[in-house]
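These are the residues of each chain, in order.
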Amino acid sequence: MELKLRDYQKEALEKINAQESGSYLVVMATGLGKTVVFSQIVRKGRVLLLSHREELVYQPQKYYDCSFGVEKAEVHSNDEEVVSASVQSLVRRLEDFQPDDFDMIITDEAHHAVAPSYRQIYDYFQPRLHIGFTATPNCADNVKLGEIYSKVLFERNLKWGIQNHYLSDIRCFQVDIGYDISKVKKQADDLNMQDLEKAMNIENQNKAIAEAYEKYAVGQTLIFATSIKHAENIAAEIPSAVVVTAKTENRDSIIRDFTERKIPCLVNCMVFTEGTDMSLIETIIIARPMRNASLYTQMVGKGLRMHEGKKELVLLDCVGVTGKLDICTPTDLFGLQGEIVDKVMEEADSEEGILLTEVESRVQEIEEEIRTGWKLNLHRVELFQENYDTHSINYVIHADGHLSCNYQFGKNAQVVVTAPDLAGNSDVIFFENRKSVRKFTSIPTQTTLNSVYRFLKKDFSDSQNLWDYNRVMNWGTKPATKK
């Protein structure tokens, strides 16, 4: 089939097709057409597509103009040019293939690639090229994809998609429905589902979700619940709402009726996360607290597609008591965290909400006020040292995760280390009077931090009182002297 590619899709293909060999990651937000892109990669031999859920296996077929085989459940491939496989099935059938059967492996939803089943497949095959695609924009859930992919080859994230009018902006509301998950146990990178079900599936809270729907929802609404029973109980409080679970047999017709506005509200439990195309969603309600940033991004991503008559996506963040649990919030979608971000969200108009792009610009304004006012940002990189050795450089950690440090007296000289990308790499940029004077890109983050330290130690030891954290803490907290 003849596909009309967008400019950024052409750019992604140019970068991918220029690679002779290696393992690379491509980050594209939900709605930017990653399936279109990977189906158009130049084939120099047979291709293996890997998906972590069986529902995703057949989806790419319509984009290919060659023989297309499938490996899942009772279905087996037969030497087709492109083989689309469920990881769960393929990992049990590796002996049916030769290690050199595939010239290229494409992993869809590649944030799962560190799982043991994926690694078993990667260790078995010997492809020339491995390209992973994911919509997840940040490392908030500690995915160590750098162990699989050498670098991020191409990135067009959620913020870029919104700013360039390919995706809807997000109007965020924080709605306190009264839940208390402070005693829910952590489990892997998320929360214990049995504990969560007990904490969330309570009648007055389900009624509060229905009230939030009535007050804030605009148009076609998708609600993510904690469990099937929770979904059913929420739907019972909302007239005309329909429940969709993994066992719902007429799912396609329900989605069609929803898109045609015959059904105003769908309530689901872990169904509409990855892979299901729904062209019209105007409101999303997250009634399922989570710590997994990948899952949160996938859920919200369902509502980001543009549609005629759709102004923006309304996102209702059901907040409550979390205790020490660090759960995902709308600002995680832009990789924004910290006290300033919390302050901006708390000050947002409860009736009007706040656009996610406005949150970021307001955070930047406040950070600039702090910088120009010579006030220390006390949200320092001590939190960051759990994963990386910063060599006690006096970095300030910003809301979007990047680090900055002034390193020379008398000049407005600053070094900036960007937040690690999904492959664990950062850029380092040196500024003088706000102009970039040198830049090094896509270097492993620890290597970057090591290099900055060696550079400052060698060339700017005379200003160590400015960039050495321990020295700053020694004199910086004392009263000013007469001098």
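On a predicted model such as this, the values are computed, not experimentally measured, just so you know.

Draft legend 1. Fine view of the nonpolar core. Counting 69 residues, the largest nonpolar core has Ile 106, Phe 133, Leu 158, Ile 170, Leu 266, Phe 272 and Ile 286 as its most contacted members. In terms of residues, this core owes the most to one element, helix α10 (residues 293-301), which gives five residues. When residues no more than four places from it in sequence are discounted, the contact partners of Ile 106 are Phe 38, Ile 41, Val 47, Leu 48, Leu 49, Leu 50, Tyr 64, Ile 131 and Phe 133. By size, the runner-up hydrophobic cluster in this structure holds 33 residues, among which are Val 184, Ala 208, Leu 325 and Ile 327.

Draft legend 2. Main features of the environment of Ile 285. Counting through the fold element by element, Ile 285 comes out in strand β14 (residues 283-286). Overall, Ile 285 belongs to the buried group, its relative accessible area being 0%. Expressed as a C-alpha distance, the spacing of Ile 285 and Leu 222, which sit 63 residues apart in the sequence, is 6.4 Å. Not counting chain neighbours up to four residues away, the residues in contact with Ile 285 comprise Ile 209, Tyr 213, Thr 221, Leu 222, Ile 223, Phe 224, Leu 316 and Cys 318.

Draft legend 3. Representation of the environment of Glu 360 within the structure. Within the element layout of this structure, Glu 360 appears in helix α12 (residues 356-372). Sequence separation between Glu 360 and Lys 159 is 201 residues; the distance between their C-alpha atoms is 9.9 Å. Non-local contacts of Glu 360, meaning those with residues more than four positions away in its chain, are made with Lys 159, Gln 163, Phe 334 and Leu 336.

Draft legend 4. Spatial organisation of the pairing of strand β1 (residues 22-28). With respect to burial, β1 is a largely interior element, six of its seven residues being buried. Pairing geometry for β1 and strand β6 (residues 129-134), over six bridges, is parallel. Looking at the pairing, Tyr 24 lines up with Ile 131 of β6.

Draft legend 5. Inspection of the confidence of the model for the chain at higher detail. Averaged over every residue, the pLDDT of the chain is 87; the share at 70 or more is 92%. When pLDDT is averaged over each helix and strand of the chain, the minimum, 77, is found for helix α15 (residues 469-475) and the maximum, 98, for strand β5 (residues 104-107). pLDDT under 50 marks residues 373-386. Its contacts with residues more than four places away, or in other chains, come to 26 contacts.

Draft legend 6. Molecular detail of helix α1 (residues 7-17). If you check which residues of α1 are buried, you get Tyr 8, Gln 9, Ala 12, Leu 13 and Ile 16. Burial along α1 is one-sided: seen end-on, the buried residues are contained in an arc of 140 degrees. Exposed residues on α1 whose side chains face more than 90 degrees from its buried face are Asp 7 and Glu 14. Buried residues belonging to α1 abut β1, α2 (34-39), β6, β7 (151-156) and α5 (158-163).

Draft legend 7. Molecular detail of the sheet that holds β14. Overall, mixed pairing links the seven strands, which are arranged β12-β13-β11-β14-β15-β8-β16 in an open sheet. Two strands in the sheet have a free side with no partner beyond their single neighbour: β12 (241-244) and β16 (354-355). Summarising the sheet, β14 and strand β15 (residues 313-321) pair through four bridges and their orientation is parallel. The residue bridging Ile 284 from the neighbouring strand is Leu 315, located in β15. Here helix α7 (residues 203-216) sits on the sheet and contacts β8 (170-180), β11 (221-224), β13 (265-268), β14 and β15; the angle it forms with β8, its principal contact strand, is near 160 degrees.

Draft legend 8. Summary view of the packing of aromatic side chains. Throughout the structure, instances matching the rule amount to 17 aromatic pairs. For the pair Trp 160 and Tyr 166, a centre-to-centre distance of 5.6 Å together with 15 degrees between the ring planes defines the contact as stacked. The class for Tyr 166 is partly exposed, based on a relative accessible area of 26%. Note on Tyr 407 and Phe 430: the rings are 6.1 Å apart at their centroids and 85 degrees apart in plane angle, and the pair reads as edge-to-face. Here Tyr 407 is found in strand β18 (residues 403-408), whereas its partner Phe 430 is found in strand β20 (residues 425-432), with 23 residues between them in sequence. Its relative accessible area of 2% is what places Tyr 407 among the buried residues.

Draft legend 9. Representation of the sheet that holds β7 in the model. Read across the open sheet, the seven strands follow the order β3-β4-β2-β5-β6-β1-β7; overall the sheet is parallel. Looking at strand neighbours, the two that pair on one side only are β3 (68-71) and β7, the edges of this open sheet. Strand-to-strand twist of the sheet, defined as the mean angle between neighbouring strand axes without regard to direction, takes the value 20 degrees. Where β5 meets β6, four bridges bridge the pair, whose relative direction is parallel. Within the sheet, the bridge partner assigned to Ile 105 lies in β6 and is His 130. Sheet strands touched by α1: β1, β6 and β7. Its angle to β7, the strand with the most contacts, is close to 170 degrees.

Draft legend 10. Fine view of the pairing of β3. Neither face of β3 is exposed, since Phe 68 and Val 70 on one face and Gly 69 and Glu 71 on the opposite face are all buried. Relative to strand β4 (residues 82-86), β3 runs parallel, the two sharing four bridges. Considered in β4, the bridge of Glu 71 is made with Ala 85.

Draft legend 11. Geometry of α7. The terminal C-alpha atoms of α7 lie 20 Å apart, and with 14 residues this matches the ideal 20 Å at 1.5 Å per residue to within 8%. Among the residues of α7, those classed as buried are Gln 205, Asn 206, Ala 208, Ile 209, Ala 210, Ala 212, Tyr 213 and Tyr 216.

Draft legend 12. Representation of the pattern of salt bridges. All told, the structure shown has 19 salt bridges when counted by the stated rule. Here Arg 128 and Asp 103 are joined by a salt bridge, their closest N and O atoms 2.9 Å apart. Linking Arg 128 in the loop between α4 (116-124) and β6 with Asp 103 in the loop between α3 (87-90) and β5, this pair joins segments that are 25 residues apart in sequence. The class of Arg 128 is partly exposed, set by a relative accessible area of 21%. A residue is classified by how much of its surface remains accessible, and Asp 103, at 16% relative accessible area, is buried. Here Arg 119 ties to Glu 147 by a salt bridge, and the two come within 2.3 Å at their closest N and O atoms.

Thresholds applied
- Residues numbered from 1 in each chain as written.
- Predicted model: local features only at pLDDT ≥ 70, side-chain atom pairs only at ≥ 80, totals over all residues.
- Heavy atoms only, no water.
- Core = buried A, V, L, I, M, F, W, Y, C linked by side-chain atoms within 4.5 Å.
- Buried < 20%, exposed > 50% of the residue type's maximum accessible area, 1.4 Å probe, protein only.
- Helix = DSSP H or I, 4+ residues; strand = E, 2+ residues; numbered from the N terminus.
- Contact = heavy atoms within 4.5 Å.
- Pairing = 2+ DSSP bridges.
- pLDDT = per-residue confidence, 0-100.
- Arc of directions from axis to C-beta.
- Axes fitted to C-alpha atoms, helices over the stretch in contact; angles between N-to-C directions.
- Phe/Tyr/Trp six-rings, centres within 6.5 Å; stacked < 30°, edge-to-face > 60°.
- Expected span 1.5 Å × (residues − 1).
- Salt bridge = Lys/Arg side-chain N within 4 Å of Asp/Glu carboxyl O.

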